[in-house]
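# Tertiary structure, described
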Amino acid sequence: MPRTINHPALQPLKAKFPDIKFFVGEFRDMVTVVVTREHVVRVCMFLRDDPALQYDMLAELNGVDYLNYPGARHRFGVNYGLTSVPSNNRLWLKVFLDPTGDTSPGKDFRDEEVLEKGDPALKLDSVTGVWPGAEWMEREVYDMFGIIFVGHPDLRRILTWNGYGSYPLRKDYPLRGVGERENYKIVTREGA
């Protein structure tokens with residue numbers, strides 16, 4: 001028997017955005033609201049600025065690749081873990097993205113070209129204007145999954161190097177890598 005999900009943010013969200021169809025889920029008392037990518041910044045600003053909600057802290061931002069996941073209808077998900085410090089409430093937002101091109105390794109661009117040449121279906125508005133702490137978390141999701149955050153003040157790789165050529169946490173990335181270990185230049189003491 002389905003049970004009603006109660007959370008302090010659900011009714012204000014439905015009242016503020018009657019034109020948006022939200023999907024809501026719950027797992028282990030954590031509520032997740034699925035938002036379309038076109039509305040994610042507006043929803044985040046409302047959740048932060050509403051005096052009754054005050055989700056003033058972005059505690060987590062991460063990516064998920066659902067390739068070959070049983071029952072998955074989308075390829076990528078971006079999760080936003082929000083915390084209201086005054087009321088000690090937590091809420092998860094999720095945005096699903098589906099690439100239009102091939103995602104296998106070696107077909108990607110350098111950081112300077114990714115905004116103009118990257119897959120438009122993997123572009124998502126940055127929330128750094130809402131929570132400045134999102135800057136490094138968005139860079140990590142970009143570096144590991146190839147999600148392009150439009151409007152990010154400094155979108156570049158944070159764990160791999162510019163020109164790496166792939167995104168290591170994508171499920172179609174080979175477990176042994178694509179030769180980066182075998183082709184790594186060894187610097188000796190004499191040659192340094």
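Please read these numbers as outputs of a predicted model, since none were measured by experiment. (Residues numbered from 1 in each chain as written. Predicted model: local features only at pLDDT ≥ 70, side-chain atom pairs only at ≥ 80, totals over all residues. Heavy atoms only, no water.)

Grouped together as the largest cluster of nonpolar side chains are 39 residues, with contacts concentrated most on L47, L61, Y80, L93 and I147. Among the elements that make up this core, the one with the highest residue count is helix α2 (residues 40-49) (six residues). For L61, the residues in contact, after removing those within four places along its chain, are V78, N79, Y80, V127, A134, M137, E138, V141 and F149. Among the nonpolar cores identified, the runner-up in size contains five residues, and V114, Y142, I148 and L155 belong to it. (Core = buried A, V, L, I, M, F, W, Y, C linked by side-chain atoms within 4.5 Å. Buried < 20%, exposed > 50% of the residue type's maximum accessible area, 1.4 Å probe, protein only. Helix = DSSP H or I, 4+ residues; strand = E, 2+ residues; numbered from the N terminus. Contact = heavy atoms within 4.5 Å.)

Turning our attention to the pattern of salt bridges. Scanning all chains against the criterion turns up 10 salt bridges. Across the pair R37 and E38 runs a salt bridge whose closest N-O atoms are separated by 3.8 Å. Assessed through its relative accessible area of 26%, R37 is described here as partly exposed. Here D154 makes a salt bridge to R156, at a shortest N to O gap of 2.9 Å. For D154, a relative accessible area of 26% gives the class partly exposed. (Salt bridge = Lys/Arg side-chain N within 4 Å of Asp/Glu carboxyl O.)

Quick look at α2 now. If you check which residues of α2 are buried, you get V40, V41, V43, C44, F46 and L47. If you follow the buried residues of α2, they end up packed against α1 (10-16), β4 (76-84), β5 (89-97) and β6 (123-125).

Below, the discussion takes up helix α4 (residues 134-145). Along its 12 residues, α4 runs 16 Å from first to last C-alpha, staying within 8% of the 16 Å computed at 1.5 Å per residue. Of all 12 residues in α4, nine are buried, a share of seventy percent or more. By the burial criterion, the buried members of α4 are A134, M137, E138, R139, V141, Y142, D143, M144 and F145. Along its buried surface, α4 packs onto β3 (57-65), β4, α3 (111-117) and β7 (148-150). (Expected span 1.5 Å × (residues − 1).)

Here the phi dihedral of R28 falls at roughly 50°; this positive angle occurs in a residue that is not glycine. Relative to the helices and strands, R28 resides in the loop between β1 (23-27) and β2 (30-34). For R28, a relative accessible area of 70% corresponds to the exposed category. Phi at Q54 is positive, roughly 50°, even though this residue is not glycine. Judged by its relative accessible area of 31%, Q54 falls in the partly exposed class.

When you line up the elements, T100 lands in the loop between β5 and α3. Measuring from C-alpha to C-alpha, the distance between T100 and V114 comes to 15 Å, with 14 residues separating the pair along the chain. Apart from the residues within four sequence positions on either side, T100 is in contact with D119 and A121. A polar contact is formed between the side chain of T100 and the side chain of D119, at a distance of 2.7 Å. (Polar contact = N/O pair within 3.5 Å; in protein donor to acceptor, adjacent residues only side chain to side chain.)

This part is about the sheet that holds β2. The strand order across the open sheet built from five strands is β1-β2-β5-β4-β3, with neighbouring strands paired in mixed fashion. Every interior strand has two partners, whereas the edge strands, β1 and β3, have only one. For this sheet, the mean angle separating the axes of adjacent strands, direction not counted, is 25°. Strands β4 and β5 of the sheet are contacted by α2, whose axis makes an angle of about 175° with β5. Running at roughly 5° to β3, α4 makes contact with β3 and β4 of the sheet. (Pairing = 2+ DSSP bridges. Axes fitted to C-alpha atoms, helices over the stretch in contact; angles between N-to-C directions.)

These results come straight from atomic positions and should not be treated as a statement about function.
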